[in-house]
Amino acid sequence: PMTIAFRAADLPASELAEKPLGQPSAEPIGDATILTRTKVYLDIPAITAGTWECEPGASRWEFLTRGEVIYVLGGRMTVHEDGGEPVELTAGSSCIFPIGWTGTWTVHETLRKVFVVYRPDAG
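Positions within a chain are numbered from 1, following the residues in the order the chain's sequence is written. Per-residue local features of the predicted model are confined to residues with pLDDT of at least 70, and side-chain atom pairs are confined, for both listing and counting, to 80 or more; whole-chain, interface and lining totals are unaffected and use all residues. Think of the side-chain values as coming from all heavy atoms in the structure, minus any hydrogens and water.

**Q** What should I look at first to understand the state of the cysteines in this one?
**A** The bond known as a disulfide is covalent and runs between the sulfur atoms of two cysteines. Any two cysteine sulfur atoms lying within 2.5 Å of each other are counted as a disulfide. Applying the stated criterion to the full structure yields zero disulfides. With no disulfide partner, Cys54 has as its closest neighbouring cysteine sulfur the one in Cys95, 15 Å distant. When accessible area is computed with a 1.4 Å probe and restricted to protein chains, residues below 20% of their type maximum are described as buried, those above 50% as exposed, and intermediate ones as partly exposed. Given a relative accessible area of 3%, Cys54 falls into the buried group.

Structure follows, in structure tokens:
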């Protein structure tokens, strides 16, 4: 075991791995490419944790086999669960997307978050 400490809000974007948003996380709505940047600090079968940044755009999310807990460090987005009310998340917001959550995320201003993805059936 070891302590993993990081200052996700202070990491320059250049230290994060950049790639277009896509499966298994989410699918952009429409033809737009949405760039994301990630640095993973813990990746074991049942848990992945790190920091994630996403440029503005709308995307469809389905948490069918995993859930996610986030803490927003900066930016702004609206999450809208299917059949529910939209919720705006800004710096300082925490949110839990339990297994079974489906809906859309609309990032209005480049968003940076700390995340923990959990997969209870992964071992």
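**Q** Would you explain the pattern of salt bridges in this entry?
**A** Side chains bearing opposite charge may pair, as long as their charged atoms lie close to each other. We count a salt bridge whenever a side-chain nitrogen from Lys or Arg sits within 4 Å of a carboxyl oxygen from Asp or Glu. All chains considered together, the criterion is met by ten salt bridges. A salt bridge links Arg76 to Glu109; the shortest N-O distance between them is 3.4 Å. In this pair, Arg76 sits in strand β6 (residues 67-81) while Glu109 sits in strand β9 (residues 102-118), placing the two residues 33 residues apart along the sequence. Glu109 sits in the partly exposed class, given a relative accessible area of 41%. Within the structure, one salt-bridge network assembled from shared partners comprises Glu18, Arg37, Glu53, Glu55 and Arg112. Counting from the N terminus, the helices are the DSSP runs of H or I reaching at least four residues and the strands are the DSSP runs of E reaching at least two.

**Q** I would appreciate a short explanation of a nonpolar patch on the surface in the present structure.
**A** A surface patch of nonpolar side chains, amounting to about 440 Å² of accessible area, comprises Met2, Ile4, Phe6, Leu42 and Ile44. If you trace the backbone, Ile4 turns up in the segment before β1 (17-20). The exposure class of Ile4 is partly exposed, given its relative accessible area of 36%. Within this analysis, patches are made of residues with over 30% relative accessible area and no salt bridge. Like charges are joined at 9 Å or less; nonpolar side chains (Val, Leu, Ile, Met, Phe, Trp, Tyr) at 5 Å or less. Each accessible area is a Shrake-Rupley estimate made with a 1.4 Å probe; only the visible protein chains count as cover when residues are assessed.

**Q** When you look at the packing of aromatic side chains in this model, what are you seeing that I'm missing?
**A** Working definition: an aromatic ring pair is given by the centre-to-centre distance plus the angle between the planes. Working definition: rings of Phe, Tyr and Trp (its six-membered ring) pair if their centres are within 6.5 Å, and the pair is stacked with planes under 30 degrees apart, edge-to-face with planes over 60 apart, and tilted otherwise. Taken as a whole and judged by the stated rule, the model has ten aromatic pairs. For the pair Phe6 and Tyr41, a centre-to-centre distance of 3.9 Å together with 5° between the ring planes defines the contact as stacked. On the criterion of sequence distance, the pair formed by Phe6 in the segment before β1 and Tyr41 in strand β3 (residues 35-44) is long-range, its members being 35 residues apart. Relative to Trp101, the ring of Phe63 has its centre 6.0 Å away and its plane inclined at 70°; by these criteria the two rings are edge-to-face. Of the two residues, Phe63 sits in the loop between β5 (57-62) and β6 while Trp101 sits in the loop between β8 (94-97) and β9, which places them 38 residues apart along the sequence. Since its relative accessible area comes to 6%, Trp101 is described here as buried. Feature note: the residues Trp52, Trp61, Phe63, Phe97, Trp101 and Trp105 constitute an aromatic cluster, connected by ring pairs. Look at NZ for Lys and CZ for Arg. If either is within 6 Å of the ring centre and within 35 degrees of the ring normal, a charge sits over the ring. The ring of Trp52 has Lys113 sitting right over it, with the charged end atom 4.3 Å from the ring centre.

**Q** How should the pairing of β5 be read in this particular structure?
**A** Every regular strand shows the same layout, with side chains that alternate between the two sheet faces. Paired strands, in this sense, are two strands between which DSSP finds at least two bridges. Examined bridge by bridge, strand β2 (residues 26-28) and β5 share three bridges and lie antiparallel to one another. Note on β5: the bridge partner recorded for Glu27 is Arg60.

**Q** So what exactly am I meant to see when it comes to the nonpolar core here?
**A** The nonpolar side chains of soluble globular proteins are, as a tendency, buried together. What we call a nonpolar core is a set of buried Ala, Val, Leu, Ile, Met, Phe, Trp, Tyr and Cys residues that are connected through their side-chain atoms within 4.5 Å. Ranked by internal contacts, the top residues of the largest apolar core, which has 20 residues, are Trp52, Trp61, Ile70, Met77, Phe97 and Trp105. Those elements giving two or more residues to this core turn out to be β4 (47-54), β6, β8 and β9. Top contributing element to this core by residue count: β9, with five residues. Apart from residues no more than four positions distant in its own chain, Trp52 is found in contact with Leu21, Thr36, Arg37, Thr38, Trp61, Trp105, Leu111, Arg112, Lys113 and Phe115. It only takes one pair of heavy atoms within 4.5 Å for two residues to be counted as in contact.

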